[in-house]
Amino acid sequence: MTKPTPHLVPPAGFGTIKTAHAGVRDWVEETAQLCTPDQIFWCDGSEEEKEQLIQQAVDTGVLIRLNQKKLPGCYYHRSNPNDVARVEECTFICTHTEAEAGPTNHWMAPAKMYEKLLGLCRGAMKGRTMYVVPYLMGPPGSPLTKIGVELTDSIYVVLSMRIMTRMGQVAWDQLGSDGIYTKGLHSMLDVNPARRIIAHFPQDNTIISVGSNYGGNVLLGKKCLALRLGSALGRDEGWMAEHMLILGVESPKGEKTFVAAAFPSSCGKTNFSMLIPPKPFKDWKITTVGDDIAWMKPGPDGRLYAINPEAGYFGVVPGTNYKSNPNAMTLMSRDTIYTNVALTPDLDVWWEGKDGEPPAECLDWKGNPWTPASKEKAAHPNSRFAAPMYNNPVLAPEADNPEGVPINALIFGGRRATTLPLVFQAFNWIHGVYVGATMGSEMTAAAAGTVGQVRRDPMAMLPFCGYNMGDYFAHWLKMRKLLKNPPKIFHVNWFRKSKDGRFLWPGYGENMRVLKWIVDRCRGRVPAYETPVGWMPEPQDIDTTDLNCPPDDLAEALSLNIEEWKREVLLQDDLFIQLYSDLPKELMFQRELLISRL
Ligand code: OXD
Ligand code: MN
């Protein structure tokens, strides 16, 4: 029996316009005329709609229903093998002038880019459905929340947006008949790298993405709205959009401290945001507000308040297990869409680094037979889970709080085998901005020949800042003037190695010990000694009760090597030269001060 053509079985959303907003209706109509979809589906985010769309996705082979006994509510998706990650080379910031986008972004003049995209979109949805996806970035009613509407021809995008954002009627309600919203248009086209463009038009509050159907390229609320357009909106409106996790630390006495931390992609933000404290800290609690993005605004009391604009996690799967992140293992065991992991014969999922033995046989992320003897990886290294944050066993009770949480500490970090100590505290805000602006991370062993090469990734925002990075640093400096009680700024490095290549610090849950020092510093409870690079703990200031780490290793992880630091300052030149003409002079002075202290 042949399956019914799903789009001929119209679920409730077809044709039924769900908004009184004339601007949205006109734009949907115009876009339909351009892209010529067979029909338009207006989403309301209901459970009924979800079931209908999932059934349709399963019937058309977009999703595979996983073993519902083991993984209730979980589905499996394979992307086109040419479309497995964000593509920075195809990502454009289309400001009026090139200088506004700055030397670290790709730029094209808006008129030229619109012309190119309109050409690509003409008739692109013929034979397909255009879904109208309204969503909120942020909790309903928050002064920081923004509204987006994404028009897409991908049912995978609709179902993923439903997890990653507050999608549906809640957004139509907040939009009302005259609200402001970000326009997003997405068409997969023929999923061809030659026709792949992710374009941002900050002046028009608009994003257009074509030629991809993968993650950050197409879930337009995430990197495109929440970071690229968000950072430019933050500059104009006096707030900050950052590539940061947000977590709460609750002491045994019930004292809560909130921390936001920026690490580059794949450096453990998700793991850190939901870490489980080790035994001696069993009365401490870590709760997650967000794992990837923070929107932060000065509150009436002069402190910095943060919300997580997202409602789900889009995490890297390989390497996740009951040691690295037990909470992630739990949260992705239901209601999750897996992309590009391996599929076992009993419709379970597998990936490199999962607990237990590899399956004797399975299908790899491309759908080819795989056994442990295979040379290729079973799961793509950038395979992902999309799971609702509400599944997180340690979700912060404040995660839906419209006011956000007051941030006591900002942490920067990267993957550095040498030089950067386990932790240090910046002397003050301006020095902290310098520390964030110069942060870097080593390429991993996956890229042959580049191991140990440091890529500068200021504030982990290099691929995500929607305007000139020099102006972005100036905005950070300006924010200090809006804060009576600014957060303290720290830098951590969980990845320092001994001369013989061992990690000096055990990481994972043990990072709680460093976090406690940070909390105690914010509360003025522990000493620190002054070094050329910042305030640092002595090894005895870190609680090492029952810690399985040789004292010499801890001492080495906390040591400073002045020769290495002199080299580090020279290495920072890469970025400083690139941004030279736009760099705030405060950062030049910070650099001079560091050199003289060294
Ligand atoms: C992400 C990233 O997907 O940073 O979060 O690449
Ligand atoms: Mn990220």
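Remember, predicted model here, so these are calculated numbers, not experimental data.

A. Representation of the site of ligand 1 within the structure. Residues in contact with ligand 1, as listed here, are Arg86, Lys222, Lys223, His243, Ser265, Asp292, Arg384 and Phe464. One of the side-chain nitrogen or oxygen atoms of Lys223 is found 2.9 Å away from an oxygen atom of ligand 1. Within the contact set of ligand 1, an oxygen atom lies 3.2 Å away from a side-chain nitrogen or oxygen of Asp292. For the shell around ligand 1, the per-class residue count stands at one nonpolar, two polar and five charged.

B. The packing of helix 2 (residues 47-59) against helix 5 (residues 155-164), seen in detail. One way to put it is that helix 2 packs onto helix 5 with a least axis distance of 10 Å and a crossing angle of 145 degrees. Here the hand of the crossing between helix 2 and helix 5 comes out left-handed. In this structure, helix 2 uses Glu47, Lys50, Leu53, Ile54, Gln56 and Ala57 to contact helix 5, whose residues at the interface are Ile155, Val158, Leu159 and Arg162. In terms of residue class, the contact of helix 2 with helix 5 is made up of six nonpolar, one polar and three charged.

C. Structural view of the domain arrangement of the chain. Splitting the chain by domain gives domain 1 (6-61 + 87-238), domain 2 (242-312 + 397-597) and domain 3 (313-390). Distance between the C-alpha centres of domain 2 and domain 3: 29 Å. Contacts between domain 2 and domain 3 engage 14 residues on the former and 14 residues on the latter. Both sides of the domain 2 and domain 3 interface together cover about 1200 Å² of buried area, and 59% of this is carbon and sulfur. It is Met274, Gly312 and Tyr508 in domain 2 that bury the most area against domain 3; as a group they hold 38% of the surface buried on that side.

D. Region of interest: the coordination of the manganese ion (ligand 2). The coordination sphere of the manganese ion (ligand 2) contains the protein donors Lys223 (NZ), His243 (NE2) and Asp292 (OD), at a distance range of 2.2 Å. Written as a sequence motif, the donor residues of the manganese ion (ligand 2) are K-x19-H-x48-D. One end of the pair, Lys223, is in helix 8 (residues 221-237); the other, His243, is in the loop between strand 12 (240-242) and strand 13 (245-250), with 20 residues separating them in the sequence. Its relative accessible area of 1% is what places His243 among the buried residues.

E. Layout of the pattern of salt bridges. Inspection of the entire model under this criterion finds 33 salt bridges. Of the charged contacts in the structure, one is a salt bridge between Asp573 and Arg591, with a shortest N-O distance of 2.7 Å. In this pair, Asp573 sits in helix 16 (residues 573-578) while Arg591 sits in helix 17 (residues 585-597), placing the two residues 18 residues apart along the sequence. We classify Arg591 as buried; its relative accessible area is 12%. When salt bridges that share partners are traced, they join Lys222, Lys223, Lys269, Asp292 and Glu310 into one network.

F. Geometry of the packing of aromatic side chains. For the structure on display, the rule yields 20 aromatic pairs. For the ring pair Phe263 and Phe272, a centre distance of 5.8 Å and an interplane angle of 40 degrees mean the geometry is tilted. Grouping residues by exposure puts Phe263 and Phe272 together as buried. Ring-pair connections join several aromatic residues into one group, and the members of that group are Phe263, Phe272 and Trp494. One Lys or Arg, Lys354, reaches over the ring of Trp351 and ends 4.8 Å from the middle of that ring. The cationic tip of Lys497 hangs over the ring face of Phe503; the distance from NZ or CZ to the ring centre is 4.9 Å.

G. Structural context of the sheet that holds strand 24 (residues 384-388). Sheet architecture is open: five strands sit in the order 2-3-19-24-18, paired in mixed fashion. If you trace the sheet from one side to the other, it starts and ends with strand 2 (64-65) and strand 18 (312-316), each paired once. As defined by bridge partners, strand 18 adjoins strand 24 across five bridges and the pair is classed as antiparallel. Residue pairing for strand 24: Val316 is matched across the bridge by Arg384.

Criteria and thresholds
- Residues numbered from 1 in each chain as written.
- Chains lettered and ligands numbered in written order.
- Predicted model: local features only at pLDDT ≥ 70, side-chain atom pairs only at ≥ 80, totals over all residues.
- Heavy atoms only, no water.
- Near = heavy atom within 4 Å.
- Polar contact = N/O pair within 3.5 Å; in protein donor to acceptor, adjacent residues only side chain to side chain.
- Nonpolar A, V, L, I, M, F, W, Y, C, P; charged D, E, K, R; others polar.
- Axes fitted to C-alpha atoms, helices over the stretch in contact; angles between N-to-C directions.
- Helix = DSSP H or I, 4+ residues; strand = E, 2+ residues; numbered from the N terminus.
- Left-handed = near helix turned anticlockwise from the far one by under 90°.
- Contact = heavy atoms within 4.5 Å.
- Domains from an automatic or database assignment.
- Buried area = accessible area lost by both parts, 1.4 Å probe.
- Donors = N, O, S within 2.8 Å, 3.2 Å for Na, K, Ca; no water.
- Buried < 20%, exposed > 50% of the residue type's maximum accessible area, 1.4 Å probe, protein only.
- Salt bridge = Lys/Arg side-chain N within 4 Å of Asp/Glu carboxyl O.
- Phe/Tyr/Trp six-rings, centres within 6.5 Å; stacked < 30°, edge-to-face > 60°.
- Lys NZ or Arg CZ within 6 Å of the ring centre and 35° of its normal.
- Pairing = 2+ DSSP bridges.

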